[in-house]
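# Structural characterization, general
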Amino acid sequence: MHGVAVVTGASRGLGREIALALGRQGYRIALNYIHSEKEASDVVLALGEPAIALKADVGILREVETMAGIISNRWGRIDAVINNAGIARDGLLIKYREEDWDEVVNTNLKGCFNTTKAFVPLMIKAGGGQIVNISSYSGLKGKAGQSAYSASKAALLGLTYTLARELAEYNIRVNALLPGYMPTDMGLNAMDAMKKASEESLLKKLSEPQDIAQFISYLLTTSNITGQVFNLDGRI
Ligand code: NAP
């Protein structure tokens, strides 16, 4: 039996595929969501015992600590954390609302700070582990209308490099992925951007959440990879 994996934002989209892939690999899965209770229950049903769904806003440390407490009581360990929960609120910066900035940065960036604070002590206790942060092409290249999203995703890369350095002594490996544009709810929200991404792809197609999930499954089997950013895109 593999260890325990926590996947944030696993009720839909990429997170759902990651939870299913890691479940097939033998991980006991704690999947997190914020609103979509029914969808999260459906993922638990698809995974079967012993998966659990935990509602929490990753942007709120107290709620993430509560999740960590539940997982600790149930399984006593955490081996992998996939920081996947993310939101986009698009709009030009000049007109951008402060609340939208705070919500995007809290979810996409502070969410990772919160899970690291709450889950790393359990990983240290388990003798090591892996953290995978889901960043974005927008974080590398910037994208008009995505100042908060791009900034939060770029900052995740700095956080990944720093955590990889800080946590290596505990055998905790920290990497980041840049998925290509995927036709999830988030991707489908911006049809023009989706069409452009497909045109810019050398293969003239969008990325598949299943591909990204398989990559993560493989990454979790490795033992010497840390502090890396993997670009899983068909755009150069
Ligand atoms: P999605 O379909 O919109 O799903 C987002 C997931 O995040 C949902 O499960 C949602 O839960 C959860 N979530 C949102 N805010 C949360 C919060 N505060 N606390 C806990 N969970 C929260 O998005 P996606 O396309 O699968 O994106 C997944 C990740 O990939 C994100 O980090 C995104 O930035 C990144 N990404 C996406 C693309 C793309 O083209 N789609 C490209 C590059 C990177 P509920 O269902 O409960 O709302």
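Model, not experiment: these values are computed from the prediction.

Thresholds, definitions, all that
- Think of each chain on its own: its residues are numbered from 1, step by step along the sequence as written.
- The predicted origin of the model limits local features to residues at a pLDDT of at least 70 and limits the giving and counting of side-chain atom pairs to 80 or more, whereas totals for whole chains, interfaces and linings rest on all residues.
- For side-chain calculations, the full set of non-hydrogen atoms in the structure is used, while hydrogens and water are omitted.
- Helix and strand assignments follow DSSP, with helices taken as H or I runs no shorter than four residues and strands as E runs no shorter than two, numbered in order from the N terminus.
- Our radius of gyration is a C-alpha quantity, and the globule rule it is checked against amounts to 2.2 Å times the number of residues to the power 0.38.
- For the exposure calls, accessible area comes from a 1.4 Å probe over protein chains only, and a residue counts as buried if that area is under 20% of its type's maximum, exposed if over 50%, partly exposed in between.
- The contact rule is simple, with two residues in contact once any of their heavy atoms fall within 4.5 Å.
- Where accessible areas are quoted, they stem from the Shrake-Rupley method and a 1.4 Å probe; at the residue level, only the protein chains shown are allowed to cover.
- Counted as positive: Lys and Arg. Counted as negative: Asp and Glu, with His and the chain ends omitted from the count.
- Every charge is mapped to an atom, namely NZ of Lys, CZ of Arg, CG of Asp or CD of Glu.
- Any residue with a heavy atom lying within 4 Å of a molecule or strand is counted as near it.
- Here a polar contact is taken to be a pair of N or O atoms separated by no more than 3.5 Å, where protein atoms must pair a possible hydrogen donor with a possible acceptor and residues adjacent in sequence count only if both atoms sit in side chains.
- Residues are grouped as follows: Ala, Val, Leu, Ile, Met, Phe, Trp, Tyr, Cys and Pro are nonpolar; Asp, Glu, Lys and Arg are charged; all remaining types, including Gly, are polar.
- With a 1 Å grid spanning the protein atoms alone, the term cavity applies to any set of points in which a 1.4 Å probe fits but cannot get out, the term pocket to an open set with protein on both sides within 12 Å along at least five of seven lines, and the term lining residue to any residue with an atom within 4 Å of a point.
- Grid points are joined across faces, edges and corners, and a volume is the space filled by probe spheres set on the points.
- We call a set of buried residues a nonpolar core when its members are Ala, Val, Leu, Ile, Met, Phe, Trp, Tyr or Cys and they connect through side-chain atoms within 4.5 Å of each other.
- Salt bridges are defined by distance alone: a side-chain nitrogen of Lys or Arg within 4 Å of a carboxyl oxygen of Asp or Glu.

### Here we look at the overall build of the chain
Along the backbone of the chain there are 9 helices and 7 strands. The C-alpha radius of gyration of the chain comes to 17 Å, within 12% of the 18 Å expected for a compact globule of 236 residues. Considering only C-alpha atoms, the chain reaches an extent of 45 × 35 × 35 Å along its principal axes. Within the chain, the proportion of its 236 residues that are buried is 51%. Pairs at least 24 residues apart make up 70% of the contacts formed inside the chain by residues separated by at least 6 positions. Carbon and sulfur atoms make up 53% of the accessible area of the chain, which amounts to about 11,400 Å² in all. When the 25 basic and 24 acidic side-chain charges of the chain are each reduced to a single mean position, those positions are 3 Å apart.

### Things to note about the site of the ligand
Taken together, 32 residues surround the ligand, and among them S11, H35, S36, Y149 and T184 come closest. Between the ligand and the protein, one listed contact pairs an oxygen atom with a side-chain N or O atom of S11 at 2.6 Å. One of the backbone nitrogen or oxygen atoms of H35 is found 2.6 Å away from an oxygen atom of the ligand. Protein chains shield 95% of the accessible area of the ligand, which is 900 Å² for the free molecule. If you list the elements that add at least two residues to the shell around the ligand, you get α1 (13-25), β2 (28-33), α6 (147-167) and α7 (185-188). It is α7 that contributes the most residues to the shell around the ligand, 3 residues altogether. A breakdown of the residues in the shell around the ligand according to their chemical character gives 14 nonpolar, 14 polar and 4 charged.

### Examining unusual backbone geometry
Leaving glycine aside, a negative phi is the common case for residues, and trans is the common case for peptide bonds. Cis peptide bonds are those with omega within 30 degrees of zero, and the linkage from E49 to P50 qualifies with 5 degrees. Tracing the sequence through the fold places P50 in the loop between α2 (37-47) and β3 (52-55). Of note, N171 is a non-glycine position whose phi angle comes to about 60 degrees, a positive value. One can find N171 in the loop between α6 and β6 (172-179). Phi is positive for K204, close to 60 degrees, though the residue is something other than glycine. In this structure, K204 sits in the loop between α8 (191-200) and α9 (209-219).

### Looking at empty space enclosed by the protein
Evaluation of the coordinates by the stated rule reveals 2 cavities of 30 Å³ or more. Within this model, the largest cavity holds a volume of roughly 70 Å³. Lining the largest cavity are 13 residues, and of these N83, A85, T107, N108 and C112 sit closest to its centre. Of all the elements in the fold, those that place two or more residues in the lining of the largest cavity are α4 (98-126) and α6. In terms of residues, the lining of the largest cavity owes the most to one element, α4, which gives 5 residues. For the second largest cavity, the full set of lining residues is Y181, A197, S201, K205, L206, S207, D233, G234 and R235. Residue classes in the lining of the second largest cavity are distributed as 3 nonpolar, 3 polar and 3 charged.

### A closer look at the nonpolar core
Formed by 29 residues in total, the largest nonpolar core has its most connected members in I18, L22, I29, I82 and I216. Broken down by secondary-structure element, the contributors of at least two residues to this core are β1 (4-7), α1, β2, α2, β4 (80-83), β5 (129-134) and α9. Among the nonpolar cores identified, the runner-up in size contains 26 residues, and V64, I78, F119 and I131 belong to it.

### Focus on the pattern of salt bridges
For the coordinates displayed, the defined rule picks out 10 salt bridges. Between K38 and D42 there is a salt bridge, and its shortest N-O distance comes to 2.8 Å. Highlighted residues: K38 and D42, both in helix α2, separated by 4 residues, approximately one helical turn. Across the pair E103 and R89 runs a salt bridge whose closest N-O atoms are separated by 3.1 Å. Residue E103 is located in helix α4, and its partner R89 is located in the loop between β4 and α4; the two are separated by 14 residues in the primary sequence. What makes E103 partly exposed here is its relative accessible area of 35%. Each member of the salt-bridge network shares a partner with another, and the members are R97, E99 and D100.

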